[in-house]
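Fold and contact review
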Amino acid sequence: MALAVGTPAPAFTAKDTHGNTVSLSDFKGKTVVLYFYPKDDTPGCTKEACSFRDNYAAYQDKNIVVLGVSADDETSHQKFTEKFNLPFPLLADVDRSIIKAYDVDGGGYAKRVTYVIDGNGIISHVYTSVKTDTHATDILADLGL
């Protein structure tokens, strides 16, 4: 069961694609799209990542941060990022602590769930049913952008 709208987003810290430490608190005051996906370089996950890639300029224009999260390690994220030219960080949640905190544990992988977190750290939107090829534009439409 995904976390509810209006719930404070659980704090997290993880390594990203390039080995940088990323924390939710780094983005205080900004809207964050935190999307969880099962595995790097699989068909649905690739469509979803490319949807965010292809619409990334629109997110940047609105000062919205996009972060992808899976249980894959940094090396896997680096290969996935390079192969598909992904412009946003992927977080390596190898111990699945973020996946568990956001209640998206699918038993060894992350369920495909996206949270939009407002600038105050509150969950404003939850997507549990995702169309991978249009997900990024669906979120922008929901946010009125």
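It should be noted that the structure appears before, not after, this text.
The sections below set out a description of the structure shown in this document.

Looking at helix α3 (residues 74–84)
- Residues of α3 that are buried include every one of H77, F80, T81 and F84, and no others. Taken end-on, α3 shows its buried residues confined to a sector of 100°, consistent with a single buried face. In α3, the exposed positions that point more than 90 degrees away from the buried face belong to K79, E82 and K83.
- Summarising the contacts, the buried residues of α3 are in contact with α1 (43–54), β4 (64–70) and β5 (90–92).
- With a side-chain oxygen lying 3.3 Å from the backbone nitrogen of T75, the N-terminal cap of α3 falls on D73.
- In the segment just after α3, N85 is the residue with positive phi, at about 55°.

Things to note about α1
- With 12 residues, α1 should cover 16 Å at 1.5 Å per step; its first-to-last C-alpha distance of 16 Å lies within 8% of that length.
- Those residues of α1 that fall on the buried side of the exposure criterion are C45, T46, E48, A49, C50, S51 and F52.

Describing the pattern of salt bridges
- In the structure shown here, the tally under the stated rule is five salt bridges.
- When the shortest N-O distance is used, the salt bridge between D72 and K39 registers 3.2 Å. Of the two residues, D72 is situated in the loop between β4 and α3 and K39 in the loop between β3 (31–36) and α1; the sequence distance between them amounts to 33 residues.
- Assessed through its relative accessible area of 8%, D72 is described here as buried.
- With a shortest N-O distance of 2.6 Å, E48 and R112 are connected by a salt bridge. With E48 in helix α1 and R112 in the loop between α4 (97–101) and β6 (113–117), this pair connects stretches of sequence that are 64 residues apart.
- Residue classification places E48 among the buried residues on the basis of a relative accessible area of 0%.
- A relative accessible area of 22% places R112 in the partly exposed class.

Focus: the pairing of strand β1 (residues 13–16)
- With three bridges connecting them, β1 and strand β2 (residues 21–23) associate as antiparallel partners. Bridge pairing in β2 links K15 to T21.
- In textbook terms, the turn of a hairpin is the stretch between consecutive antiparallel strands, and for β1 and β2 this stretch comprises four residues, one of which, G19, has a positive phi near 85°.
- As defined by bridge partners, β1 adjoins β5 across two bridges and the pair is classed as antiparallel.

Let's talk about the nonpolar core
- In terms of nonpolar packing, the biggest core is built from 23 residues, with L34, F36, Y102 and I117 touching the most fellow members.
- For this core, the secondary structure elements donating two or more residues are β3, β4, α4 and β6.
- Beyond its immediate sequence surroundings of up to four residues, F36 is in contact with E48, V69, I98, I99, Y102, V104, A110, K111, R112, V113 and Y115.
- Of all hydrophobic cores here, the second largest spans 22 residues; its members include F84, F88, V130 and L140.

So, the packing of aromatic side chains
- All told, the structure shown has 12 aromatic pairs when counted by the stated rule.
- Between Y37 and F80, the ring centres sit 6.3 Å apart and the planes meet at 35°, which makes this aromatic pair tilted. Here the residue Y37 occupies a position in the loop between β3 and α1, and F80 occupies one in helix α3, the gap between them amounting to 43 residues. Considered together, Y37 and F80 belong to a single accessibility category, that of buried residues.
- Between the aromatic rings of F52 and F88, the centroid separation amounts to 6.2 Å while the plane-to-plane angle is 75°, which identifies the pairing as edge-to-face. Placement of the pair is F52 in helix α1 and F88 in the loop between α3 and β5, with a sequence separation of 36 residues.

Each value, and the rule that gives it
- Residues numbered from 1 in each chain as written.
- Predicted model: local features only at pLDDT ≥ 70, side-chain atom pairs only at ≥ 80, totals over all residues.
- Heavy atoms only, no water.
- Buried < 20%, exposed > 50% of the residue type's maximum accessible area, 1.4 Å probe, protein only.
- Helix = DSSP H or I, 4+ residues; strand = E, 2+ residues; numbered from the N terminus.
- Arc of directions from axis to C-beta.
- Contact = heavy atoms within 4.5 Å.
- Polar contact = N/O pair within 3.5 Å; in protein donor to acceptor, adjacent residues only side chain to side chain.
- Expected span 1.5 Å × (residues − 1).
- Salt bridge = Lys/Arg side-chain N within 4 Å of Asp/Glu carboxyl O.
- Pairing = 2+ DSSP bridges.
- Core = buried A, V, L, I, M, F, W, Y, C linked by side-chain atoms within 4.5 Å.
- Phe/Tyr/Trp six-rings, centres within 6.5 Å; stacked < 30°, edge-to-face > 60°.

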